[in-house]
Amino acid sequence: SSSSSSSSSSSSSPLARGRACQPYMKLFGFNPSGFVLPRGFFKRTAQIPRSILSSLTGFGVWNGIRLSGSSPSSSFPLFLADANAELVPPRRDGRKRVLFLLSDTGGGHKASAKAIQGALDELYPGKFLCEIADIWTDSAPYPYNQFVPAYQWMARTAVGRTIWKIGYESSQIPLNRWLSLNVLAWTACSRGFQEYISAFSPDIVVSVHPLCQDIPLRVLKGMGGGTRKIPFVTVVTDLGSAHHTWFHKDVDKCCVPGDAIAKIAERKGVDPSKIKKHGLPVRQGFWDAGSKRGHNAKIRASLGLKQVPTVLVVGGGDGVGGLQKIAEAVGDQLKDVKENVQVVVICGKNEAVKKALSSRFWPTNVDVIINGFVSNMDEWMIAADCIVTKAGPGTIAEASIVGLPTMLSGFLPGQEEGNVPYVMDAGFGDFSKDPKRIAATVTAWLGDKEKLQTLSERAAKVGQIHSKATKEIAEEIASMVLK
């Protein structure tokens, strides 16, 4: 979690953890007496994906066999992790407390929460105390506190993406979703959620994740003695399609990025009066990035780039999505361009890809700039003429704000599939999983200035709603708690 609170930590000996497992060993017919695991067992098995079982239920994935949760405060399997919200100082200054709930699966959810927090601080200085909580990791038991590493593994591998698709689609089945979320997850996690929420004592709760509606709303209802007294807002961070769990009829407001998601919300029972179309919340650097598009020469100079056609290739914060093959194909294809060009590759946290690309030879007319994780993505996008990216909603929204033609290179099955037609139907990009076709497309764009300009104008038109979204959502939240 992120706020003025800090995480407590505790530890336990292997013997204590072994004793904690004995009831479960007996349950499955094992004799725990004198049971000793072979040396290095957990090191060797920590990466065994255990997602197949959870895919059958459509919920609850975890990564590897572990005796303790990933949270520093979690010590035992299948026991509730200690919440750290009790460390938040008591209310003394009259600031309204905003609790953002998420699971940090992918960087977009936390980025959205931070963006809204920044807008609240800018528009209403000193009025709010915000807590950004990965409530599943912080306050749920094993295996529910393993969502983040499980997601990272599934997003990074072909087998993992297949498992993700099975789980995603099966969890759309109402009976399956009810059993996995409203029965199993509720039974395991509701107490920890309630402890966390009660300790922080929020004035309003804001969900930026599809798995943070059902259980938190039930918890808040119970805390109010059968009637929820704390306002609840959902901020949907998907663009073209969205999972059913995003939408709950009992929320006070459901902020959506556009018409496509608004229609889904209505079909899922959300009252139209509660649906607010504001666009997708984006990082602060993008709030006025569209107005800087005409000054990209100045920004290129500040970044140390040449004043030549520029392709930006990104792979998300974890640098996933076949980034190396795509970057290599683009760089090699651009040798056919009759002018000097440059390719900027943002590898995120993928050091292996960064090292491989940095040691490679490139065509003489192509300058390649390799970066790891960057915090000024708005400047790199403004400096570019087009972008190659997987179909993450945040990157698409940000690219549209700066009028950047967008070549999509892949998507996570399920929630990102709808982002492909979102781009293509609006006419500001294309899609292919083939690195060679991707390279050929962006090379053709750079060779056709009129086409590039048309794509840019269409992108900018789409981006207008997203550039205003973050502040508008902050205003929605503030209007519910400030008198």
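Because the structure is a prediction, the values reported are computed rather than measured. (Residues numbered from 1 in each chain as written. Predicted model: local features only at pLDDT ≥ 70, side-chain atom pairs only at ≥ 80, totals over all residues. Heavy atoms only, no water.)

(A) Up close: the packing of aromatic side chains. On inspection of all chains with the given rule, the structure shows seven aromatic pairs. A ring pair is formed by tyrosine 144 and phenylalanine 147, whose centres lie 6.4 Å apart and whose planes are at 80°; its orientation type is edge-to-face. For the pair shown, tyrosine 144 and phenylalanine 147 are each scored as buried. A ring pair is formed by phenylalanine 411 and phenylalanine 431, whose centres lie 5.7 Å apart and whose planes are at 40°; its orientation type is tilted. Taken together, the residues phenylalanine 411 in the loop between β11 (406-408) and α16 (419-426) and phenylalanine 431 in strand β12 (residues 429-431) connect sequence positions 20 residues apart. It is arginine 218 that lies over the ring of tryptophan 186; its NZ or CZ is 3.8 Å from the centre. Across from the ring centre of tryptophan 362, 4.6 Å away, lies the NZ or CZ of arginine 360, which sits over that ring. (Phe/Tyr/Trp six-rings, centres within 6.5 Å; stacked < 30°, edge-to-face > 60°. Buried < 20%, exposed > 50% of the residue type's maximum accessible area, 1.4 Å probe, protein only. Helix = DSSP H or I, 4+ residues; strand = E, 2+ residues; numbered from the N terminus. Lys NZ or Arg CZ within 6 Å of the ring centre and 35° of its normal.)

(B) The arrangement of the sheet that holds β12 in detail. Strand order in the open sheet made by the six strands is β9-β8-β7-β10-β11-β12, with parallel pairing throughout. Each end of this open sheet is capped by a strand with a single partner; those strands are β9 (366-371) and β12. With strand direction ignored, the average angle separating the axes of adjacent strands in the sheet is 15°. (Pairing = 2+ DSSP bridges. Axes fitted to C-alpha atoms, helices over the stretch in contact; angles between N-to-C directions.)

(C) Here's a closer look at the side chain of glutamate 131. With respect to the helices and strands, the residue glutamate 131 is situated in strand β2 (residues 128-134). As a buried residue without a salt bridge, glutamate 131 has its nearest oppositely charged side chain in arginine 97, at a separation of 8.1 Å. A polar side-chain atom of glutamate 131 sits 2.2 Å from a polar atom in the side chain of tyrosine 196. (Lys, Arg positive; Asp, Glu negative; His and termini not counted. Salt bridge = Lys/Arg side-chain N within 4 Å of Asp/Glu carboxyl O. Polar contact = N/O pair within 3.5 Å; in protein donor to acceptor, adjacent residues only side chain to side chain.)

(D) Up close: the pairing of β2. Among the seven residues of β2, seven are classified as buried, and the element is accordingly described as predominantly covered. Every second residue of β2 is oriented toward a common face, with Phe128, Cys130, Ile132 and Asp134 on one face and Leu129, Glu131 and Ala133 on the other, all of them buried. Pairing between strand β1 (residues 96-102) and β2: seven bridges, direction parallel. If you follow valine 98 over to β2, its bridge partner there is cysteine 130. In this fold, the crossover linking β1 to β2 by way of helix α4 (residues 108-123) has right-handed handedness. (Right-handed = clockwise from strand over helix to strand, strands pointing away.)

(E) Spatial organisation of the sheet that holds strand β4 (residues 232-235). The six strands lie next to each other as β2-β1-β3-β4-β5-β6, forming an open sheet whose pairing is parallel. Two strands bound the open sheet, and with one partner strand each, they are β2 and β6 (275-277). On average, adjacent strands in this sheet sit at an angle of 20° to one another, irrespective of strand direction.

(F) Seen up close, helix α8 (residues 174-200). Helix length check: α8 (27 residues) gives 32 Å between terminal C-alpha atoms against 39 Å at 1.5 Å per residue, more than 12% under. At tryptophan 186, α8 is deflected by roughly 65°, the largest bend along its length. Among the residues of α8, Asn176, Arg177, Ser180, Leu181, Ala185, Cys189, Ser190, Gly192, Phe193, Tyr196, Ile197 and Phe200 are the ones counted as buried. (Expected span 1.5 Å × (residues − 1). Bend = angle between axes of the 7 residues up to and from the residue.)

(G) Region of the structure containing the nonpolar core. With 57 residues, the main nonpolar core has Phe100, Leu312, Met377 and Met381 as its most contacted residues. Sorting elements by how many residues they give to this core places helix α18 (residues 449-481) first, with eight residues. Beyond its immediate chain neighbours, meaning those up to four positions away, methionine 381 contacts Phe286, Arg293, Leu312, Ile387, Thr395, Glu398, Ala399, Val402 and Leu404. (Core = buried A, V, L, I, M, F, W, Y, C linked by side-chain atoms within 4.5 Å. Contact = heavy atoms within 4.5 Å.)

(H) Broad picture of the pattern of salt bridges. Considering all chains together, one arrives at 16 salt bridges under this definition. In this structure, aspartate 288 engages lysine 292 in a salt bridge whose closest nitrogen and oxygen atoms are separated by 3.9 Å. On the basis of relative accessibility, which here comes to 42%, the residue aspartate 288 falls in the partly exposed class. Taking the relative accessible area as the measure of exposure, lysine 292 reaches 32% and is therefore partly exposed. The salt bridge involving glutamate 339 is made with lysine 449; its shortest N-O contact spans 3.9 Å. With glutamate 339 in the loop between α12 (323-333) and β8 (341-346) and lysine 449 in helix α18, the pair connects residues that are 110 residues apart, well separated along the chain. Judged by its relative accessible area of 46%, lysine 449 falls in the partly exposed class. Bridged by salt links that share partners, the residues Glu328, Asp332 and Arg360 form one connected network.

(I) Molecular detail of the pairing of strand β5 (residues 253-256). Going residue by residue along β5, you find Lys253 and Cys255 tucked away on one face and Cys254 and Val256 tucked away on the opposite face as well. With three bridges joining them, β4 and β5 adopt parallel strand pairing. When the bridges of β5 are listed, valine 235 appears paired with cysteine 255. Here β5 runs beside β6; their pairing, made up of three bridges, is parallel. Opposite valine 256, over in β6, you have lysine 277 as the bridge partner. Regarding topology, helix α10 (residues 259-267) serves as the crossover connection from β5 to the parallel β6, and that connection is right-handed.

Read these as geometric descriptors, not functional statements.
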